[in-house]
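What follows is each chain in one-letter form.
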Amino acid sequence: DRSRLIDRLSEAVLDLDEAGRVRACSPAVAGLLGWPAAGISGRSAAVLLPAEFFYLRLMRPKVERRTRSMRERVSDISAFLLETLPAVKFIQSVGAEERETRRLGGLNSAYLDDLLRLQVTEFFTAAVPNFLVSASRALVFFAGGYLIVVDRSMTLGTLIAFSSYLGFATGPVQSLLGIYVGVLRMRVSLRRVMELTLAEPDVQQAEVPATLPPEACGAVRFERVSFRYPGSETPVLTDVSLDVAPGAKVGVIGESGAGKTTFIDLLHRHFDPEAGRVLLDGVDVRDLGLAELRRHVAVVAQDIVLFRGSIADNIRYAVPEADPAAVENAARLAQIDDFIRAQPQGYDTPIGERGARLSGGQRQRLAIARALLQQPLVLVLDEATSAVDRETEIRLTTEIDQLFAGRTRIVITHRREALTGVDMLVEIGAGRLVLREAA
């Protein structure tokens, strides 16, 4: 839409420039061709321009509605491709190719139907004004014929010259019509973008953010915290309090959906509590700058997030200013340095879309290296080892305890047997937090 509108604007600039020259010559032309012809022109314009204006006002909602519907169909196809392309092997493994092909065919048909409706609507939006212009020129010939044959106040040459002049004068109107239709389409696209860009974030940073004290060591405190998701009547956490000492290892257990991840989202300040406070080293997290808070609280989740780029880029993602030596040291501690150096391009080796070229274990160690480089005060493991076997889980847990010794560790899991060596064990359920005896 943007490129089409720019093309239309370029054409309109030339047409308007030409129209300006025609207008400057209008008195001279009227004198040469005769004022009867000028009278016909004035009456045609007096009828034509208001008619076009009101017709375009009438068609504008329909063009915007059709354009929005077509854009939504494009979004549906994009979402389908983003969802299915990374899962091609799984789709093939369950024999769902034909079903997904039918889904894509249905989405394509819906898109083509909406596109055709939009094209028809745009055709009639432009066709009626064009018809009015043609009708006005036909009216000029009819009136001119009358003046030539009956009234004999105009010659044939004058009529032909005036008709050509009228064509020059109405050209810019047609260009402006094309711009108008282009603007209607662009407005719909801009409105969809503006809905996102103008949306206010739920979490607002303090105007003058506080900073952690120099002696910060990772003490975490929840003071009578209550929280429910927007639009929900069911509280996720109710009057929850917890003190985590610096350097302690805390296990958090509970059924799926009990609120374990929400508990950490409040610490990471993806949400703010309805009541109560969350403190990091005595400072309310709402008073801290978001970048500083999240810089000091590292999260290693079950689904490791990796980006297209090199191994080094992914390790230093949280600390982009880290030098190569620091990146290599973090990889060495995470025991992935040997694997990286064995690659053809070493640390510059691309890992593919979402780390597709890495195994599950390599992805986990890359995430650990990234957390090590971040040097957080608090490390959160959110079901980080739930996808591996018991033996691998014990080995990874032991390595993490060694690598992050002295730092506060919060281990979230729904399996109690996955917790070893915890200083505190808490269970979340029914919105409450209950202390359990550590194993």
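We now turn to the structure provided with this report. (Residues numbered from 1 in each chain as written. Predicted model: local features only at pLDDT ≥ 70, side-chain atom pairs only at ≥ 80, totals over all residues. Heavy atoms only, no water.)

What to know about the packing of aromatic side chains
For clarity, the threshold we go by: Here the aromatic set is Phe, Tyr and Trp, taking the six-membered ring for Trp, and pairing holds for ring centres within 6.5 Å; pairs whose planes are under 30 degrees apart are stacked, those over 60 apart are edge-to-face, and all others are tilted. Type-normalised accessible area, obtained with a 1.4 Å probe on protein chains alone, sets the label of each residue: buried when under 20%, exposed when over 50%, and partly exposed for intermediate values.
Per the counting criterion, the structure on display carries 6 aromatic pairs. Measuring from ring centre to ring centre gives 5.3 Å for Phe123 and Phe124, while their planes differ by 75 degrees; the resulting arrangement is edge-to-face. In this structure Phe124 comes out as partly exposed when scored by relative accessible area, which is 44%. Consider the rings of Phe227 and Tyr229, whose centres lie 5.0 Å apart with planes at 80 degrees: the pair is edge-to-face. Linked through ring pairs, Phe227, Tyr229 and Phe271 together constitute an aromatic cluster.

Here's the deal with unusual backbone geometry
The condition that has to hold: Helix numbers and strand numbers start at the N terminus; a helix is a DSSP run of H or I with at least 4 residues, a strand a run of E with at least 2.
Even without being glycine, Asp281 reaches a positive phi, approximately 50 degrees. One can find Asp281 in the loop between strand E4 (275-280) and strand E5 (283-284). Phi is positive for Gln375, close to 50 degrees, though the residue is something other than glycine. Relative to the helices and strands, Gln375 resides in the loop between helix H12 (360-374) and strand E7 (378-382).

Some details on the pairing of strand E9 (residues 424-429)
Applicable threshold: For two strands to count as paired, DSSP must find a minimum of two bridges between them.
Here strand E3 (residues 249-253) pairs with E9 via 4 bridges, running parallel. Looking at the pairing, Val250 lines up with Met424 of E9. With 5 bridges connecting them, E9 and strand E10 (residues 432-436) associate as antiparallel partners. Note on E10: the bridge partner recorded for Gly429 is Arg432. Between E9 and E10, which follow one another and run antiparallel, lie 2 residues, and Ala430 among them has a positive phi close to 55 degrees.

So, empty space enclosed by the protein
Applicable threshold: Grid points spaced at 1 Å over the protein atoms alone were grouped into cavities, where a 1.4 Å probe fits but cannot get out, and pockets, open sets with protein on both sides within 12 Å along at least five of seven lines, with lining residues defined by an atom within 4 Å of a point. Grid points are joined across faces, edges and corners, and a volume is the space filled by probe spheres set on the points.
Going through the model one piece at a time under the given rule, you end up with 2 cavities of 30 Å³ or more. Counted as a void, the second largest cavity has a volume near 50 Å³. Lining the second largest cavity, in full, are Val300, Ile304, Gln364, Ile368, Ala384, Thr385, Leu396 and Ile400. Among the elements of the structure, H12 and helix H13 (390-403) are those that each provide at least two residues to the lining of the second largest cavity.

Topic: helix H10 (residues 324-333)
What counts, and what does not: It is the directions from the helix axis to the C-beta atoms whose arc is reported. In this description, contact between two residues means that some pair of their heavy atoms is separated by no more than 4.5 Å.
Buried residues of H10: Val327, Ala330 and Ala331, and no others. Each buried residue of H10 lies within a common arc of 100 degrees when the element is viewed along its axis, so the set occupies one face. In the core, the buried residues of H10 are packed alongside helix H9 (311-315), helix H11 (337-341) and H12. Gln335 sits one or two positions beyond H10 and adopts a positive phi of about 60 degrees.

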